[in-house]
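Chains, contacts and geometry: an overview
Residue-level listing of the chains:
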Amino acid sequence: MSDVLSIILGGGKGTRLFPLTQFRSKPAVPFGGKYRLVDIPISNCINANLKQIYVLTQFNSASLHMHINKTYLFDSFSNGFVEILAAEQTFEHSGWYEGTADAVRKNFHHFRTQNPSHYIILSGDQLYRMDIQDFLKKHIDSGAAITIACTGVSRDSASDLGILKVDKKNQITEFLEKPGPAKDISEFRAPAGLLTEKNKDDCYLASMGIYIFDAQAMESCLANELTDFGKEIIPASINKFKVNAYLFDGYWEDIGTIKNFYDTNLELTTLKPSFDFYDENRPIYTHMRNLPPSKMNFSNMKQSIASEGCIITNANVTNSIVGIRTLIETGSSLNGVICMGADFYETEAQKQQNAEARVPNVGIGRGAIIKGAIIDKNVCIGEGCRIGVDDIKRDDGNYGHYYIVDGIIVIPKNTILYPETVI
């Protein structure tokens, strides 16, 4: 439908994903070896034939711009586009986005030119595959002004999410944002029979942060100074409009923290991952780099993923993700590692310069042993480095050339670890 606008909220500074967001916005964080987080919601829209897409962001947006400009190129007959709207000064607005709703409000002058009938609001840091056309159809058929996608969760998970109370017709009667573990929310239990076999043990409906608004309802909801959809706009709308729930019973994971990011990535390496990238009918799109296939020379790969353009020589890789253009040298061992790879291959001349300056090459050097870590892009790990192997205290903090977050060692982008470094 050409009169439906999809708006992907890129989030703020992404402090919970720092240091992965030190040099890039949250939607641009690499994921799954070759993708970026923003590829998930964009691909869901494209697979639903919704190709008028805006991405709203304001922090470290350069790499996001580059990725989207290289990846999402529609032909002139489709009227499709993926456009980034970073915070900008205008005569009406001179400040930053103050929240999710404020970001949409400040871009109405861009949206109105498309004369949309509906707005679909999506998050830029979630992993899921949704039939958005079904979501849209049920919204229209229900006669609701707003529909909120929701999923069944346990009481423990409900503490940090927006919880919905619905009647037998799926109309939302009350909304509670992040109730915490102590609050009694038993009256918010989902009606009997509403949940499917897959999530029958779950008893609460949590907002996924994915909404459909009729265009007029969106204009009305934002004709104020409220700044956030979940905390303010949705609760205020329930008594004003018909607001329905759309029950999504597929896999859904919020990738808002380093621990979520680490666990969700490594879950992809299991025999039957909860999220399946191997779906030809509903692919997840990303930048086509035309890299050569990966090459394994005398190596052992166990329950791991290797992206394009890697060369792995006489190494052991277990329960790990090896990102694009990763070079792993003889005798190295990776276990529980997310290696994001590199943006380039070094030339022989550059390698010679590295040798003269006694700087390791980009990649994993000879004999390096790494466990339980995230290695960001373009990191140079020298020979004999030991990361996460020895019995160290994994107290969270900034340790100069590395961070520990949620007990996970994170080596920031472009870091150089000289030979025999121990972390």
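Before reading on, note that the structure itself is shown above.
First, a word on scope: everything that follows refers to the structure included in this document. (Residues numbered from 1 in each chain as written. Predicted model: local features only at pLDDT ≥ 70, side-chain atom pairs only at ≥ 80, totals over all residues. Heavy atoms only, no water.)

A look at the overall build of the chain
To keep things clear, this is the line we draw: Secondary structure is summarised from DSSP: a helix means a run of H or I of at least four residues, a strand means a run of E of at least two, and numbering begins at the N terminus for each. Partly exposed describes any residue whose relative accessible area lies between the buried limit of under 20% and the exposed limit of over 50%, with all areas from a 1.4 Å probe on protein chains only and scaled to the type maximum. Whether two residues are in contact is decided by their heavy atoms: any pair within 4.5 Å suffices.
A count of helices and strands for the chain gives 10 helices and 29 strands. Along the longest, intermediate and shortest principal axes, the C-alpha atoms of the chain span 70 × 50 × 40 Å. Per-residue burial for the chain yields a buried fraction of 52% across its 423 residues. Partitioning the intrachain contacts of the chain with sequence separation of at least 6 by distance along the chain shows that 63% fall at a separation of at least 24.

Here's the deal with the environment of K371
Here K371 shows up in strand β23 (residues 369-375). Each C-alpha atom, one on K371 and one on A342, is 19 Å from the other, the two residues being 29 residues apart in sequence. In this structure, K371 is in contact with N335, G336, V337, I387, G388, V389 and R394, ignoring residues within four places of it in sequence.

Details of the pairing of strand β9 (residues 162-166)
Definition in use: Think of it this way: DSSP has to see at least two bridges between two strands before they count as a pair.
Taken across its 5 residues, β9 has 5 buried, putting it largely inside the fold. Burial along β9 is two-sided: G162, L164 and V166 facing one way and I163 and K165 facing the other are all buried. As defined by bridge partners, β9 adjoins strand β10 (residues 172-177) across 5 bridges and the pair is classed as antiparallel. Bridge assignment links K165 to a residue of β10, and that residue is E174. The hairpin turn running from β9 into β10, its antiparallel successor, is 5 residues long, and N170 in that turn takes a positive phi close to 70°. Summarising the sheet, β9 and strand β11 (residues 204-214) pair through 2 bridges and their orientation is antiparallel. What sits directly across from L164, in β11, is L205.

Thoughts on the nonpolar core
One recurring pattern in soluble globular proteins: nonpolar side chains tend to sit buried together. Formally: Nine residue types can take part in a nonpolar core, namely buried Ala, Val, Leu, Ile, Met, Phe, Trp, Tyr and Cys, and a core is a set of them joined through side-chain atoms within 4.5 Å.
Membership of the largest hydrophobic core comes to 65 residues, with the highest contact counts inside it found for I42, V55, M130, F261 and I374. Among the elements that make up this core, the one with the highest residue count is β11 (5 residues).

Considering the pattern of salt bridges
What counts, and what does not: A carboxyl oxygen of Asp or Glu within 4 Å of a side-chain nitrogen of Lys or Arg is what we treat as a salt bridge.
Under the criterion given, the structure shown has 16 salt bridges. For E219, the salt bridge identified is with R112, shortest N-O distance 2.9 Å. Residue E219 is found in helix α7 (residues 215-221), and its partner R112 is found in the loop between α4 (108-111) and β6 (118-123); the two are separated by 107 residues along the sequence. Residues joined by salt bridges that share partners form a network here, namely D102, R105 and K106.

What to know about the packing of aromatic side chains
What characterises a pair of aromatic rings is the spacing of the ring centres plus the angle enclosed by the ring planes. Note the following rule: We call Phe, Tyr and Trp rings a pair once their centres come within 6.5 Å, taking the six-membered ring for Trp, and we label the pair stacked below 30 degrees between planes, edge-to-face above 60, and tilted otherwise.
Taken as a whole and assessed by the stated rule, the structure comprises 16 aromatic pairs. Between F31 and F277, the aromatic rings sit 6.5 Å apart at their centres with planes inclined by 45°, giving tilted as the arrangement. Of this pair, F31 sits in strand β2 (residues 30-31) while F277 sits in the loop between α9 (258-267) and β14 (295-297), and the two are 246 residues apart along the sequence. Of the two residues, F31 and F277, neither departs from the other in class, the shared state being buried. When the ring of Y399 is compared with that of Y402, the centres are 5.1 Å apart and the planes differ by 10°; the resulting orientation is stacked. Judged by relative accessible area, which is 33%, Y399 ranks as partly exposed.

A few points about the pairing of strand β1 (residues 4-9)
Across the 6 residues that make up β1, a large majority, 6, are buried. A two-sided burial pattern is seen for β1, the buried positions comprising V4, S6 and I8 on one face and L5, I7 and L9 on the other. Judged from the 6 bridges that link them, β1 and β6 form a sheet pairing that is parallel. Paired with L5 across the two strands is Y119, which belongs to β6. Pairing of β1 with strand β4 (residues 52-57), which is carried by 4 bridges, proceeds in the parallel orientation. Along β4, the bridge assignment pairs L9 with L56.

Details of the side chain of T257
Mapped onto the fold, T257 is located in the loop between β13 (252-254) and α9. Taking the relative accessible area as the measure of exposure, T257 reaches 17% and is therefore buried. The contact partners of T257, leaving out residues within four places of it in the chain, are R16, L17 and D406.

What to know about the environment of L64
Mapped onto the elements of the fold, L64 is located in helix α2 (residues 62-71). Of the residues examined, L64 reaches a relative accessible area of 0% and is grouped as buried. As for L64 and C150, which are separated by 86 residues in sequence, their C-alpha atoms are 28 Å apart. With sequence-adjacent residues up to four places away left out, L64 is seen in contact with S25, P27, A28, V38, V55, T57 and I84.

Some words on the state of the cysteines
To keep it simple, the criterion reads: Only a pair of cysteine sulfur atoms within 2.5 Å qualifies as a disulfide here.
For the structure shown, the criterion picks out 0 disulfides. C221 carries a free sulfur, and the closest cysteine sulfur to it, the one in C150, is 18 Å from it. Taking relative accessible area as the criterion, C221 reaches 7% and is therefore assigned buried. Here C339 stays free of any disulfide, with the sulfur of C310 as its closest cysteine sulfur at 7.9 Å. Judged by relative accessible area, which is 4%, C339 ranks as buried.

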